[in-house]
Amino acid sequence: MPSYDPNNIFAKILRGELPCYKVYEDDKALAFLDIMPRAPGHTLVLPKAPARNLLDVGADDLAHVAKVAQQIAKAQMTAFAADGVTIQQFNEGAGGQVVFHLHVHVIPRKAGTAMKPPAAEKEKPDTLAEQAKKLAAALAN
Ligand code: AMP
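Residues numbered from 1 in each chain as written. Predicted model: local features only at pLDDT ≥ 70, side-chain atom pairs only at ≥ 80, totals over all residues. Heavy atoms only, no water.

Structural notes on the overall build of the chain
Along the backbone of the chain there are three helices and five strands. Shown N-terminal to C-terminal, the secondary structure of the chain runs as helices and strands in the order α-β-β-β-α-β-β-α. Relative to the globule expectation of 14 Å for 141 residues, the C-alpha radius of gyration of the chain, 14 Å, shows essentially globular dimensions. Along the longest, intermediate and shortest principal axes, the C-alpha atoms of the chain span 40 × 30 × 25 Å. Every one of the 141 residues in the chain was classed for burial, and the buried ones make up 40%. A fraction of 64% describes how many contacts in the chain between residues 6 or more apart in sequence connect residues 24 or more apart. With 16 positive and 15 negative side-chain charges, the chain shows a separation of 4 Å between the mean positions of the two kinds. (Helix = DSSP H or I, 4+ residues; strand = E, 2+ residues; numbered from the N terminus. Rg over C-alpha atoms; globule rule 2.2 N^0.38 Å. Buried < 20%, exposed > 50% of the residue type's maximum accessible area, 1.4 Å probe, protein only. Contact = heavy atoms within 4.5 Å. Lys, Arg positive; Asp, Glu negative; His and termini not counted. Charge placed at Lys NZ, Arg CZ, Asp CG, Glu CD.)

What follows is the structure, given as structure tokens:
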């Protein structure tokens, strides 16, 4: 497996070199909206520590990311009036991974509504900003 590339796009977001629609942050994890959501509210949860994917992440960082993903999923149920939540996580190109800093997709779902294909359409900045605010507020409750 190739080594971690510190110039991947999520590493740049973690260093504050690129913007994101942040919904949650603590000392070990960051969560922000996917700019090409498969459903409204689609969120990515990352460990702050460098990790390419599930195959090299430290066990404690993985456990923390799972805990944050659970909190995001619960908040999405209320903030987006979801009927369910889909969790996805891809490893290496063959596993569907495109950005090589570990991230867990947390996607609110409505009954009977299919997810859009991956990276199909960029959401409007105003919509993402409003959704990030709504989800962050639900997390704080
Ligand atoms: P994957 O590595 O297959 O899990 O896919 C990477 C995901 O990152 C896709 O869902 C993209 O829509 C998303 N993405 C790519 N660039 C950005 C960005 N700058 N901010 C937020 N999400 C992004």
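There is more to say after this.
Details of the pairing of strand β2 (residues 29-33)
With respect to burial, β2 is a largely interior element, five of its five residues being buried. Side chains Ala29, Ala31 and Leu33 of β2 all project onto a buried face; the interleaved residues Leu30 and Phe32 project onto the opposite face, where all are buried too. Sheet topology places strand β1 (residues 22-25) next to β2; three bridges connect them, and they run antiparallel. The partner of Tyr24 across the bridge, within β2, is Ala31. (Pairing = 2+ DSSP bridges.)

Some details on the side chain of His64
Along the chain, His64 turns up in helix α2 (residues 59-79). The exposure class of His64 is buried, given its relative accessible area of 13%. Residue contacts for His64: discarding those within four places in its chain leaves Asp26, Lys28 and Ala29.

What to know about the nonpolar core
Ranked by internal contacts, the top residues of the largest apolar core, which has 19 residues, are Val23, Leu33, Val45, Ile72, Val106 and Leu135. Elements with a contribution of two residues or more to this core: β2, α2, β5 (104-109) and α3 (125-140). The leading source of residues in this core is α2, at seven residues. Not counting residues up to four positions away in its chain, the partners in contact with Val45 are Leu30, Ala31, Val65, Val68, Ala69, Ile72, Leu102, His103, Val104 and Val106. Of all hydrophobic cores here, the second largest spans seven residues; its members include Phe10, Ile13, Leu30 and Leu44. (Core = buried A, V, L, I, M, F, W, Y, C linked by side-chain atoms within 4.5 Å.)

Function cannot be inferred from these measures alone, as they are strictly geometric.
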